[in-house]
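Close look at the chain arrangement
Residues per chain are reported as follows:
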Amino acid sequence: MSDGASGSPAELEHRRLRSALEFAVLMAAEGQKRRPPIDVPDALKPFLGAASSSNRIPNRTLGSIRRAIEGDETFRRRLAAGALPELVDEVGRLWLQRPDGWETSIDRVLAAERLDGEITELRALVKRADDRREAAEKAQSRVEAELASRDRLVSDQRAEADELRADVAKLADRVEELRLELTDARLEVRHARDREQAAVDRLTAAESGREAAVRARDEAQTVRDDALAGRVDTSASVAEIAAAAAEATTLAERLRSLLPSAGANADASTRSAHRTPMSLPGGILSSSADAAAFFVRSEAAIVVDGYNVTKSLWPARTLEQQRDLLLDATENLARRYGTDLTVIFDGADVVGAHARRRRMVRVVFSPEGVIADDIIRDEVRRLPVGRAVVVVTDDNEIIRDVRADGANTLSANAFAAIL
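Here the structure is a predicted model, which is why all the values come from computation and not from measurement. Position labels on residues start from 1 in each chain and follow its written sequence. Whole-chain, interface and lining totals are the exception, using all residues; otherwise, since this is a predicted model, local features are given only for residues with pLDDT of at least 70 and side-chain atom pairs are given and counted only at 80 or more. Think of the side-chain values as coming from all heavy atoms in the structure, minus any hydrogens and water.

**Quick word on the pairing of strand S4 (residues 389–392)**
Filter applied, for reference: Buried, partly exposed and exposed residues are distinguished by accessible area as a fraction of the type maximum, computed with a 1.4 Å probe on protein chains only: under 20%, between the cut-offs, and over 50%, respectively. Put simply, DSSP H or I for four residues or longer makes a helix, DSSP E for two residues or longer makes a strand, and each gets a number counted from the N terminus. Each pair of strands is called paired provided DSSP finds at least two bridges between the two strands. Handedness rule for crossovers: strands pointing away from the viewer, path from the first strand over the helix to the second running clockwise, crossover right-handed.
Residues of S4 alternate between two faces, with Val389 and Val391 on one and Val390 and Val392 on the opposite face, all of them buried. By the bridge criterion, four bridges tie strand S1 (residues 301–305) to S4 in an arrangement that is parallel. Note that in S4 the partner of Val303 across the bridge is Val391. In this sheet, strand S5 (residues 408–410) lies alongside S4 in parallel orientation, the contact comprising three bridges. Note on S5: the bridge partner recorded for Val390 is Asn408. Handedness of the crossover joining S4 and S5 through helix H12 (residues 396–404): right-handed.

**Quick look at the side chain of Thr393**
Formally: Distance and chemistry together define a polar contact, namely a pair of N or O atoms within 3.5 Å, with one atom able to donate a hydrogen and the other to accept it when in protein, and with adjacent residues in sequence counting only for side-chain atoms on both sides. Residue contacts are defined here by distance: any two heavy atoms, one from each residue, within 4.5 Å place the two residues in contact.
For Thr393, the location among the structural elements is in the loop between S4 and H12. Side chain to side chain, Thr393 and Asp305 meet in a polar contact 3.0 Å long. A distance of 3.4 Å separates the side chain of Thr393 from the side chain of Asn308, its partner in a polar contact. In this structure, Thr393 is in contact with Asp305, Asn308, Ile398, Ile399, Leu410 and Ser411, ignoring residues within four places of it in sequence.

**Here we look at the packing of helix H1 (residues 18–33) against helix H4 (residues 90–97)**
Quick reminder of the rule: Fitted lines through C-alpha atoms give the axes, limited to the stretch in contact for helices. The angle between two N-to-C directions lies from 0 to 180 degrees. Residues are grouped as follows: Ala, Val, Leu, Ile, Met, Phe, Trp, Tyr, Cys and Pro are nonpolar; Asp, Glu, Lys and Arg are charged; all remaining types, including Gly, are polar.
At a minimum axis distance of 7 Å, the contact between H1 and H4 shows a crossing angle of 60 degrees. Seen from H1, the contacting residues are Ala20, Leu21 and Phe23; seen from H4, they are Gly92, Trp95 and Leu96. The residue inventory of the contact of H1 with H4, partitioned by class, reads five nonpolar, one polar and no charged.

**Looking at the environment of Val402**
Considering the arrangement of structural elements, one finds Val402 in helix H12. Taking the C-alpha atoms as reference points, Val402 and Val390, separated by 12 residues in sequence, lie 9.0 Å from one another. With residues up to four places along the chain from it excluded, the contact list for Val402 reads Val380, Val391, Ala407 and Thr409.

**Re the nonpolar core**
Soluble, globular proteins show a tendency: their nonpolar side chains are buried together. We apply this condition: In plain words, nonpolar cores are sets of buried Ala, Val, Leu, Ile, Met, Phe, Trp, Tyr and Cys residues tied together by side-chain atoms within 4.5 Å.
Ranked by size, the top nonpolar core spans 31 residues in total, and within it Leu44, Ile65, Ile69, Trp95 and Leu96 carry the most contacts. Here this core gets seven residues from one element, more than from any other, and that element is H1. Beyond its immediate sequence surroundings of up to four residues, Leu44 is in contact with Ala24, Val25, Ala28, Ile65, Ala68 and Phe75.

**Quick notes on the sheet that holds strand S3 (residues 362–365)**
Note on sheets: strands pair through backbone hydrogen bonds, and any given pair is parallel or antiparallel. In space, the five strands of this open sheet follow the order S3-S2-S1-S4-S5, with parallel pairing throughout. Two strands lie at the open edges of the sheet, namely S3 and S5, each paired on one side alone. Recorded for the sheet is a direction-independent mean angle of 20 degrees between the axes of neighbouring strands. Where helix H11 (residues 372–382) meets the sheet, its contacts fall on S1, strand S2 (340–345), S3 and S4, and the angle it forms with S2 comes to roughly 150 degrees.

**A word on the packing of H1 against helix H3 (residues 73–82)**
We apply this condition: Angle categories: roughly parallel below 35 degrees, roughly antiparallel above 145, roughly perpendicular from 65 to 115, and oblique for all the rest.
Two elements in contact, H1 and H3, have axes whose closest approach is 11 Å; the angle formed by their N-to-C orientations is 100 degrees. Here H3 runs roughly perpendicular to H1, going by the angle between their axes. Listed contacts from H3 to Phe23, Ala24, Met27 and Ala28 of H1 are Phe75, Leu79 and Gly82. Partitioned by chemical class, the residues of the contact of H1 with H3 number six nonpolar, one polar and no charged.

**Considering the environment of Glu113**
Relative to the assigned elements, Glu113 resides in helix H5 (residues 102–234). In contact with Glu113, other than residues within four places in its own chain, are Arg16 and Val91.

**Let's talk about the packing of aromatic side chains**
How we decide: Stacked, tilted and edge-to-face pairs are distinguished by plane angle, under 30 degrees for stacked and over 60 for edge-to-face with tilted covering the rest, among Phe, Tyr and Trp rings (Trp via its six-membered ring) whose centres lie within 6.5 Å.
Under the counting rule described, the total for this entry stands at three aromatic pairs. Ring geometry for Tyr307 and Phe345: centres 4.9 Å apart, planes at 55 degrees, overall tilted. In this pair, Tyr307 sits in helix H9 (residues 306–313) while Phe345 sits in strand S2, placing the two residues 38 residues apart along the sequence. Across the pair, Phe345 and Tyr307 agree in class, each one buried.

**Some points on the side chain of Thr409**
By secondary structure assignment, the location of Thr409 is in strand S5. Residue Thr409 is classed as buried on the basis of its relative accessible area, which comes to 10%. Dropping the residues within four chain positions of it, Thr409 is found in contact with Ser286, Phe295, Val391, Ile399, Val402 and Arg403.

**As for the pairing of S1**
Among the five residues in S1, five count as buried, and that is most of the element. Of the two faces of S1, the one holding Ala301, Val303 and Asp305 and the one holding Ile302 and Val304 are both buried throughout. Judged from the five bridges that link them, S1 and S2 form a sheet pairing that is parallel. When the bridges of S2 are listed, Val304 appears paired with Val343.

Bear in mind that shape data such as this cannot, by itself, settle questions of function.
The following block contains the structure:
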């Protein structure tokens, strides 16, 4: 046997024989009370007083008691005969009785005790582990409950945040709508002022024409009166009077030609004024991207021949796709430079023509029975002669007509270069 668990007298620990040693002291003390007394080892007698005491035999005396018993074989056998399981444990009985193989038996008992101790320890460990597991499960339950509560709180906060973001997005959209409506209103006011200025120019020209006609009529009447007065006062010859009458008739005809009719005053005054095209800075070609950049940065009104431009730039796309591409591009252009842009398309009854509302760019669709070319010509004539106008088109007839009205023109490719 090893680790102090050997059954040999030399190796077996004293503490493992405590029950046998205490039994020996008790029997020796009782034997001394008999008459005649039982013989006990002399070395054991100093410890007999401990048998009558309620105190536990100290560990330091166990070795001496053991040696006293092992030194008296007769006494040991007497003890072995009286060692009952109720009084002495199994190791102590084997040590006292010493049957064949008692050392191995002691080893087996000690091993069983160790195993029982280990089992007990393991059970204690399992119990502590179970306690810790139970505590951990309770803690986990609390944590899970807290996490569930936190998740609900987070979910509620996220929902609230989503609602707030949605409200912010709606407010942002509303602000954008109001800003674009303000831009529309400003453009409408600008166009209204242009129309007002054009009307004022036509009225001024008409009044000037009327005043000139009145002056001419007064001059003719004066000439006629002078002629009649001269005939009476000077008794001129018939030939002179006829010549004066002819001259008066001629002046009267001139007067009638100068006096505008009631419905033609505006057209005559409009024809009397003419728009002057803008001059490009030196070295810039009128068909170049530099010219396009110059025009959009100026105060000129830009009129775009819609489908003429889109069919040149995106011929493979549908008409709806062409419109969207052009309006997106011109919208960005108007935002960058604040350009006054009007895009004119054929056909107000085209499907999708009014699907999207443009805020920065004015979009015009020709009514039924009217082509966009005529709308472009009317748009140029509608604007005041003092306002520069640039028409973006590759249509030669429109180019010819609007140039005759004093507008600048720009090719679709040059316009596309700045989109």
